[in-house]
Amino acid sequence: MKAVLSDRHRAHDPKVETYLGVPVPANEVPERAEMIRAALVEDGGFELTEPTDHGLDPILAVHDAGLVRFMEEAWPEVQRQRIDREFLVADTYPVRNLFDGMSEELIAARPEPVAIGGRVAWWGLDSSNPLVEGSYDAARSAVDVALTAVDLVLGGESVAYGLCRPPGHHAARAMAGGYCFFNNAAIAAQSIVDRTGEQVAILDVDVHHGNGTQQIFWRRGDVAYASLHADPRRLYPFFLGHADEVGEGPGRRANLNLPQPLRADDATYLRDLDRALEWIGSRPGSVVVVSLGFDTYELDPIGDLALTTDGYAEMGRRVGALGRRLVVLQEGGYHLPTLGANAVSWLRGADGRAGVSGP
Ligand code: SP5
Ligand code: ZN
């Protein structure tokens, strides 16, 4: 299997994030991708390739130009405005109740702040998403990784893996958040639609609901989104991911949320995976984009489900058995010691080579 990755992810190297206002060690760290890379090399069954530059157009096909501008300008502005911090994070957010009673028209005309502390809130969901000097460059490289995996699959590969870092599925049209800046999977899906004219399905198996991907395609019937995730009443992103979110307008019934119970095990999870796969199989299209997270793992420090390494092989096997071409993109997963084994297990399962070692 071809696997796309770039060293440029290392530029995004936050040391801390804040959790309920207190600094804690960062979860989304460069070692994550390095652990997976080492396991792919060690396994021998993966051909590692570098991404090619795809420019800004595919990003602007999905994201607000203001978000992209903010990402470009954020760190230079931190320096220019003499904010003496190792990372940029917001404290005052434009939450919906701030605007209670005001007309939609006047709300929409509120200007973006000029202070960088206001801008990071304007374009951001949460305060546990540290932005550092290299975040923009790394986020651009993750998009290139995803789009290069798309190139491989449209060029004839039945499956390609993009080791994206930073991840993407919490990033919405006009919002970063949840360790995500640009939505790699949404950009990949949009590019497949644009290049093939086909419909596309996105299967999201990260432990968190992919609120960004859901938002981007909420009113779209040509890109379906199916997600299994911890019930948002318990876990980030808290406010979206409920089963009654089915899409609206042309996107009605093109969104499927399957919230999972606390500590859901392989058997429980795989039953709902089958529902998602059946739903995807009933829809047109020949390519599926997978948002792959290993934060569903039983030992993950921020997830609350209980999947196992063998469960990932079976999950990969069932996704592969769909018989569609797969663009598999890395999202979360924070238990460093097992990330590599879990990635190899899932990817070998999807490739029909579960339990087989060597090339
Ligand atoms: C891509 C992805 O997996 N993003 C996850 C974003 C989660 N953001 C909230 C993290 C809060 C971590 N708090 C740790 C507390 C452990 N009890
Ligand atoms: Zn996650």
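Described in the following lines is the structure provided in the data block. Please read these numbers as outputs of a predicted model, since none were measured by experiment. (Residues numbered from 1 in each chain as written. Chains lettered and ligands numbered in written order. Predicted model: local features only at pLDDT ≥ 70, side-chain atom pairs only at ≥ 80, totals over all residues. Heavy atoms only, no water.)

### What about the side chain of Thr213?
1) Next: The topology assignment puts Thr213 in helix H8 (residues 211-216).
2) Next: When neighbours within four sequence positions are excluded, Thr213 is seen to be in contact with His169, Ala171, Asn183, Ile202 and Tyr225. (Helix = DSSP H or I, 4+ residues; strand = E, 2+ residues; numbered from the N terminus. Contact = heavy atoms within 4.5 Å.)

### Describing the pairing of strand E10 (residues 325-330)
1) Next: Most of E10 is tucked away: five of the six residues are buried.
2) Next: Direction of pairing for strand E5 (residues 159-162) relative to E10: parallel, over a ladder of four bridges. Counted as the bridge partner of Val159 is Leu326 from E10.
3) Next: Note that strand E9 (residues 287-292) and E10 share six bridges and pair parallel. Bridge pairing links Val288 to Leu326 in E10.
4) Next: Crossover connection from E9 via helix H10 (residues 309-320) to parallel E10: handedness right-handed. (Buried < 20%, exposed > 50% of the residue type's maximum accessible area, 1.4 Å probe, protein only. Pairing = 2+ DSSP bridges. Right-handed = clockwise from strand over helix to strand, strands pointing away.)

### Side note on the layout of surface pockets
1) Next: Each pocket or cavity is described by its volume, and for the largest pocket that value is around 1300 Å³.
2) Next: Every residue lining the largest pocket is counted, 27 residues in all, and those nearest its centre are Pro94, Val95, Arg96, Leu125 and Met175.
3) Next: Those elements giving two or more residues to the lining of the largest pocket turn out to be helix H4 (104-108), helix H5 (116-122) and H8.
4) Next: Along the lines of polarity and charge, the residues of the lining of the largest pocket split into 18 nonpolar, four polar and five charged. (1 Å grid on protein atoms, 1.4 Å probe; cavity = no way out; pocket = protein on both sides within 12 Å on 5 of 7 lines; lining within 4 Å. Points joined across faces, edges and corners; volume = space filled by probe spheres on them. Nonpolar A, V, L, I, M, F, W, Y, C, P; charged D, E, K, R; others polar.)

### Remarks on empty space enclosed by the protein
1) Next: Counting across every chain of the model gives three cavities of 30 Å³ or more.
2) Next: Each pocket or cavity is described by its volume, and for the largest cavity that value is around 90 Å³.
3) Next: Considering the residues around the largest cavity, the lining is formed by 15 residues, among which Val120, Gly124, Asp126, Asn129 and Ala176 are closest to the centre.
4) Next: Residues belonging to the lining of the largest cavity are distributed by class as follows: 11 nonpolar, three polar and one charged.
5) Next: Reported here for the second largest cavity is a volume of approximately 70 Å³.
6) Next: Lining the second largest cavity are Leu5, Ser6, His9, Ala33, Glu34, Arg37, Ser141, Ala142, Val145, Leu163, Cys164 and Arg165.
7) Next: Breaking the lining of the second largest cavity down by element, the ones donating at least two residues are helix H1 (30-43) and helix H6 (135-154).
8) Next: In terms of residue class, the lining of the second largest cavity is made up of six nonpolar, three polar and three charged.

### Topic: the site of ligand 1
1) Next: Within the structure, ligand 1 sits among 16 residues, and Tyr19, Gly178, His208, Asp295 and Tyr334 are positioned closest to it.
2) Next: Within the contact set of ligand 1, a nitrogen atom lies 3.3 Å away from a side-chain nitrogen or oxygen of His170.
3) Next: In a pocket analysis with a 2 Å cut-off to the grid points, ligand 1 is assigned to the second largest pocket.
4) Next: Here the shell around ligand 1 is composed, by residue class, of seven nonpolar, six polar and three charged. (Near = heavy atom within 4 Å. Polar contact = N/O pair within 3.5 Å; in protein donor to acceptor, adjacent residues only side chain to side chain. Sits in = over half its atoms within 2 Å of the grid points.)

### Details of the coordination of the zinc ion (ligand 2)
1) Next: For the zinc ion (ligand 2), the protein coordination sphere consists of Asp206 (OD), Asp206 (OD), His208 (ND1) and Asp295 (OD), at 1.9 to 2.7 Å.
2) Next: Positions of the donor residues of the zinc ion (ligand 2) along the chain correspond to the pattern D-x1-H-x86-D. Highlighted residues: Asp206 in the loop between strand E6 (200-204) and H8 and Asp295 in the loop between E9 and H10, separated in sequence by 89 residues.
3) Next: On the basis of relative accessibility, which here comes to 1%, the residue Asp206 falls in the buried class.
4) Next: Judged by relative accessible area, which is 0%, Asp295 ranks as buried. (Donors = N, O, S within 2.8 Å, 3.2 Å for Na, K, Ca; no water.)

### Digging into unusual backbone geometry
1) Next: With an omega dihedral of 0 degrees, the bond running from Arg165 to Pro166 counts as a cis peptide bond.
2) Next: Along the chain, the position of Pro166 falls in the loop between E5 and helix H7 (184-196).
3) Next: For the bond running from Tyr236 to Pro237, omega is 5 degrees, close enough to zero to count as cis.
4) Next: Following the sequence through the fold, Pro237 ends up in the loop between strand E7 (223-230) and strand E8 (255-260).
5) Next: For Phe238, which is not glycine, the phi torsion reads 65 degrees and is therefore positive.
6) Next: As for its placement among the helices and strands, Phe238 is situated in the loop between E7 and E8.

### Some points on the pairing of strand E3 (residues 22-25)
1) Next: Here four bridges tie strand E2 (residues 16-19) to E3, and the two strands are oriented antiparallel to one another. Along E3, the bridge assignment pairs Thr18 with Pro23.

### Quick notes on a nonpolar patch on the surface
1) Next: A contiguous nonpolar patch, built from Phe238, Phe239 and Leu240 and spanning about 320 Å² of accessible area, is present on the exposed surface.
2) Next: Looking at where Phe239 falls in the secondary structure, it is placed in the loop between E7 and E8. (Patch = residues over 30% accessible without salt bridge, like charges linked within 9 Å, V, L, I, M, F, W, Y side chains within 5 Å. Areas by Shrake-Rupley, 256 points an atom, 1.4 Å probe, with all protein chains shown as cover. Salt bridge = Lys/Arg side-chain N within 4 Å of Asp/Glu carboxyl O.)

### Here's the deal with the packing of H10 against helix H11 (residues 336-350)
1) Next: Contact geometry for H10 and H11: axes closest at 6 Å, N-to-C directions at 30 degrees. Here H11 runs roughly parallel to H10, going by the angle between their axes. As for how H10 packs across H11, the hand of that crossing is right-handed. The residues of H11 that touch H10, namely those facing Thr309, Tyr312, Ala313, Met315, Gly316, Arg317, Val319 and Gly320, are Ala341, Asn342, Ser345, Trp346, Gly349 and Ala350.
2) Next: Across the contact of H10 with H11, the residue classes tally to seven nonpolar, six polar and one charged. (Axes fitted to C-alpha atoms, helices over the stretch in contact; angles between N-to-C directions. Parallel < 35°, antiparallel > 145°, perpendicular 65-115°, else oblique. Left-handed = near helix turned anticlockwise from the far one by under 90°.)

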